Amino acid sequence: MRSIKISIPVSLVTWWLPLVGGAIIGFISGTVEKKIASAVISVGITSAIASAFYILLGFKVFYVPLLGNLLPVILVISSAVNSALAIFVAYFISTKMIRSTFEGNNAKIEFYAKDQDEINEKLNEIATQCSDPVYSFRGENEVEVTRKCNGFTMKYIIRKEGKLFKVTLFINGDQ
């Protein structure tokens, strides 16, 4: 929920823009949060706050004689569309993004995959000339795999999160 402190002020500024406000908030939450559930919850809270603010403005503050009672209806529809779009964008970005950090000879890479084949496909580019994997089970929904490669050790943890698998890959360079 680290993205809330950024996304609430941004949503209050951009929410009145149909589609753009929802896309911006979804992008912020999807990139800042590290878990899918956190991104969706964060964007849901932000969307609720921004929607409530703009709907309240439409009902209590603004009156446009040309639109009459149509302005609050437009705001409710726009808020619903923005909220749905924000949730979709946050979910899509958080599932497709690869996060990586590097420090010296070490790297940490996180990504989501839908099955073991996709995990192997993504790791085969790195895991050339590696030993056979050594598996250790760390819990009911968590497996740790270690492989020795030429010049580095590759360890990755596979966790089941909802329908997807979260892979946290640690690469340690041999010195």
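Rules used in this analysis
- All chains use their own residue numbering, which begins from 1 and follows the written sequence.
- Local features in this predicted model are restricted to residues of pLDDT 70 or higher, and side-chain atom pairs are both shown and tallied only at a pLDDT of 80 or more, whereas totals for entire chains, interfaces and linings draw on every residue.
- The side-chain figures draw on all heavy atoms in the structure; neither hydrogens nor water molecules are used.
- What counts as an axis is a line fitted to C-alpha atoms, over the stretch in contact for a helix, and the angles between N-to-C directions run from 0 to 180 degrees.
- A helix here means a DSSP run of H or I that spans at least four residues, while a strand means a run of E at least two residues long, and both kinds are numbered starting from the N terminus.
- Under this scheme an angle from 65 to 115 degrees is roughly perpendicular, one under 35 degrees roughly parallel, and one over 145 degrees roughly antiparallel; angles in between are oblique.
- Throughout, a crossing is termed right-handed when the near helix is turned clockwise from the far one, and left-handed when it is turned anticlockwise from it by less than a right angle.
- We call two residues in contact whenever any of their non-hydrogen atoms come within 4.5 Å of each other.
- Residues are grouped as follows: nonpolar covers Ala, Val, Leu, Ile, Met, Phe, Trp, Tyr, Cys and Pro; charged covers Asp, Glu, Lys and Arg; every other residue, Gly included, is treated as polar.
- Given the number of residues in a helix, its expected span is that number minus one, multiplied by 1.5 Å.
- Burial classification: accessible surface area is computed with a 1.4 Å probe over protein chains only, and a residue below 20% of its type maximum counts as buried, one above 50% as exposed, and the rest as partly exposed.
- A pair of strands is treated as paired once DSSP finds two or more bridges between them.

**Re the packing of helix H2 (residues 20-32) against helix H4 (residues 70-96)**
Close contact between H2 and H4 brings their axes to 7 Å; oriented N to C, the two are set at 30°. Classified by the angle between their axes, H2 and H4 sit roughly parallel to one another. Here H2 and H4 pass one another in a crossing that is right-handed. On H4, the residues touching Val20, Gly21, Gly22, Ala23, Gly26, Phe27, Ser29, Gly30 and Thr31 of H2 are Asn82, Leu85, Ala86, Val89, Ala90, Ile93 and Ser94. When the residues that make up the contact of H2 with H4 are grouped by side-chain class, the tally is eight nonpolar, eight polar and no charged.

**Things to note about helix H3 (residues 36-61)**
Here H3 contains 26 residues, and its C-alpha end-to-end distance of 36 Å stays within 8% of the 38 Å for a straight helix at 1.5 Å per residue. The inward-facing, buried residues of H3 contact helix H1 (4-14), H2, H4, strand S2 (106-113) and strand S6 (164-173).

**Here's the deal with the pairing of strand S3 (residues 134-139)**
Of all six residues in S3, zero are buried, a share of ten percent or less. Relative to strand S4 (residues 142-149), S3 runs antiparallel, the two sharing five bridges. Pairing of Ser136 across the sheet is with Glu144, part of S4. Here S3 folds back onto S4, and the loop between the two strands holds two residues.

Read these as layout, nothing more, since geometry by itself doesn't imply function.
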